[in-house]
Amino acid sequence: MIKRLLAKLGGTAEVPEDFPGSLDADEQVLAVAPCAEGSVVATHLGLWLPEGRRVGWHLVSKATWGGDVLTLTEAEETRQIDGAVFLRDLAPRRLALSGESRLPDVVHERVTRSIRTRHHRELPGGGAWFIQRKVPGRNGIELQVRPDPGTDEAALDRLVGALVQRLRESRDLPA
């Protein structure tokens, strides 16, 4: 009862009783939506999936909403070069949500807000997306690189090294 009242007064959502995760002490719940597997919980740090695993907003590549289904494409970090993080998208996951919830709006807003800049660059064999994103709970911006299939890795690595150097000189990327 007190948790529910404090959540309403603070403008936050209440953590469901069946929530299997462990929120950080200062983690604020923004929205909750029940689904067949449990609950999906959005906080200021990321999106908690029904199994109790949090995906940081900076690792949500794509989220779409249609017909009460949230389709989430999560990225995983594959390697780093001089502070730039290379990503690979995982298979999209469909979460059939039930009931009224602000969750789709919160997911859209948080993913969009995490992106500072993005552009695609053509390279031999393909190309790559370069995204500067704010990482929840950390100061500064992270440079993410999402190569297209078939992109020449050596050419990409040279470009990333030069780009990181320029961003550090302009102070758009932490040292």
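Residues numbered from 1 in each chain as written. Predicted model: local features only at pLDDT ≥ 70, side-chain atom pairs only at ≥ 80, totals over all residues. Heavy atoms only, no water.

Is there a simple way to explain the nonpolar core in this structure?
Nonpolar side chains tend toward joint burial in soluble globular proteins. By size, the foremost hydrophobic cluster in this structure holds 23 residues, and its most contacted members are V40, A42, L47, W57, L97 and L103. What L47 contacts, discounting residues up to four positions off in sequence, is V40, V41, A42, R53, R54, V55, W57, L70, L72, L103 and V107. Counting residues in each nonpolar core, the second largest holds 14 residues, with F130, L156, V160 and L163 among its members. (Core = buried A, V, L, I, M, F, W, Y, C linked by side-chain atoms within 4.5 Å. Buried < 20%, exposed > 50% of the residue type's maximum accessible area, 1.4 Å probe, protein only. Contact = heavy atoms within 4.5 Å.)

Whenever I open this one, helix α2 (residues 103–114) confuses me. Can you help?
In an α-helix there are 3.6 residues to a turn, and that puts residues three or four apart on one side. In this model α2 runs 16 Å from its N-terminal to its C-terminal C-alpha over 12 residues, within 8% of the 16 Å that 1.5 Å per residue would give. Three or more residues of α2 are buried, namely L103, P104, V106, V107, R110, V111 and S114. One face of α2 carries all of its buried residues, which in axial projection span an arc of 160°. Facing away from the buried side of α2 by over 90 degrees, the exposed positions are D105 and H108. (Helix = DSSP H or I, 4+ residues; strand = E, 2+ residues; numbered from the N terminus. Expected span 1.5 Å × (residues − 1). Arc of directions from axis to C-beta.)

How do you make sense of unusual backbone geometry when you look at a structure like this?
With the exception of glycine, most residues fall at negative phi, and the peptide bonds are largely trans. Positive phi is not limited to glycine here, since D68 has a value of about 65°. By the secondary structure assignment, D68 is in the loop between β5 (60–66) and β6 (69–81). D68 sits in the partly exposed class, given a relative accessible area of 48%.

Purely geometric stuff here, so don't read any function into it on its own.
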